[in-house]
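Spelled out, the chains give:
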Amino acid sequence: MKFQLNQTTIRLHQGDITQVAAEAIVNAANSALASGGGVDGAIHRVGGPAILAECRQIKGGCPTGSAVSTTAGRLPAQRVIHTVGPVWQGGRKQEAKLLGSAYSAALFLAEEEGLTSIAFPALSTGAYGYPAEEACAVALAAVLGHLQWETVLREVIFVLFSGRDYALYQTHLQQLLATEPNLRLLANEA
Ligand code: ADP
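Residues numbered from 1 in each chain as written. Predicted model: local features only at pLDDT ≥ 70, side-chain atom pairs only at ≥ 80, totals over all residues. Heavy atoms only, no water.

A. Region of interest: the site of the ligand. Among the 15 residues in the neighbourhood of the ligand, the closest are listed as Asp16, Val39, Ser124, Thr125 and Gly126. Contact with the protein chains covers 87% of the free accessible surface of the ligand, which is 570 Å². Here the shell around the ligand takes 3 residues from helix α1 (residues 38–47), the largest share from any one element. Here the shell around the ligand is built from residues that sort into 8 nonpolar, 5 polar and 2 charged. (Near = heavy atom within 4 Å. Areas by Shrake-Rupley, 256 points an atom, 1.4 Å probe, with all protein chains shown as cover. Helix = DSSP H or I, 4+ residues; strand = E, 2+ residues; numbered from the N terminus. Nonpolar A, V, L, I, M, F, W, Y, C, P; charged D, E, K, R; others polar.)

Right, dumping it as structure tokens:
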């Protein structure tokens, strides 16, 4: 499904983020930038050892809510943007603010590097336990908020692993059509 907001296309895609040929793909990393499971495991497995080798050079790792970039190794992307969402602790530990900040930090970094397309997984909703629906609302608010301003980004892709998450994003974006005057539907098919 495709939407348009100002100059940028917002696309929903169900599948594996390592196969997406966006200029930047976003990794759901941990603060130590050590290799983990989920999206992170897949990115390192498919992208090869060059990604972790660069991660190890980054002093101080990546605090929650921030982002750093590395080579994409053998992935079809040009760069991997590693960003760290919060671990869900019940909702009163600034989780929403930190999750929004993880999305924004990745968008700012992509722009700084002149990358025009970026693909996000559903940050924090796997091992970090963030409830899918709340995380979807935060992700869309952060991205749509960012796209209100001048940007070099021409495409933002939300890559959802499960059909359930895809449907969640679809419903939420369709609801936003009513309240977001600059958002319009481009195509119904995936
Ligand atoms: P976190 O530690 O931030 O929770 P995870 O990688 O455990 O990150 O999970 C984040 C989300 O990414 C989950 O919804 C999970 O189902 C999904 N996911 C796992 N592997 C992939 C993949 N290869 N491509 C896209 N999404 C994935």
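Once the structure has been displayed, the description carries forward.
B. How the structure looks around helix α2 (residues 49–57). Among the residues of α2, those classed as buried are Ile51, Leu52 and Cys55. The buried side chains of α2 occupy one side of the element, clustering within an arc of 90° when seen end-on. Those residues of α2 that are exposed and aimed more than 90 degrees away from the buried face are Pro49, Arg56 and Gln57. Buried residues belonging to α2 abut α1, β4 (67–71) and β5 (79–83). (Buried < 20%, exposed > 50% of the residue type's maximum accessible area, 1.4 Å probe, protein only. Arc of directions from axis to C-beta. Contact = heavy atoms within 4.5 Å.)

C. Highlighting the nonpolar core. Ile10, Ile81, Tyr103, Ile118, Phe120, Phe158 and Tyr169 are the most contacted members of the largest nonpolar core, which totals 39 residues. When contributions to this core are tallied by element, the ones reaching two or more residues are β1 (2–5), β2 (8–14), β3 (24–28), α3 (95–112), β6 (117–120), α4 (132–146), β7 (155–160) and α5 (163–179). Per-element tally for this core: the top contributor is α4, with 8 residues. Tyr169 has contacts with Leu12, Tyr103, Ala122, Cys136, Ala139, Leu140, Phe158 and Leu160, leaving out every residue within four places of it along the chain. Formed by 20 residues, the second largest nonpolar core is a distinct cluster that contains Ala29, Leu75, Val84 and Val159. (Core = buried A, V, L, I, M, F, W, Y, C linked by side-chain atoms within 4.5 Å.)

D. View of the state of the cysteines. Tallied over the entire structure, the rule returns 0 disulfides. With no disulfide partner, Cys55 has as its closest neighbouring cysteine sulfur the one in Cys62, 9.1 Å distant. Accessibility expressed as a relative area gives 4% for Cys55, which makes it buried. (Disulfide = S-S within 2.5 Å.)

E. Just the pairing of β6, in detail. Burial along β6 is two-sided: Ser117 and Ala119 and Ile118 and Phe120, pointing in opposite directions, are all buried. Relative to β6, β3 runs parallel, the two being bridged by 2 bridges. Among the inter-strand pairings, Ala24 is bridged to a residue of β6, identified as Ile118. In terms of strand pairing, β6 meets β7 through 4 bridges, oriented parallel. Paired with Ser117 across the bridge in β7 is Glu155. Handedness of the crossover joining β6 and β7 through α4: right-handed. (Pairing = 2+ DSSP bridges. Right-handed = clockwise from strand over helix to strand, strands pointing away.)

Structural measurements only, silent on function.
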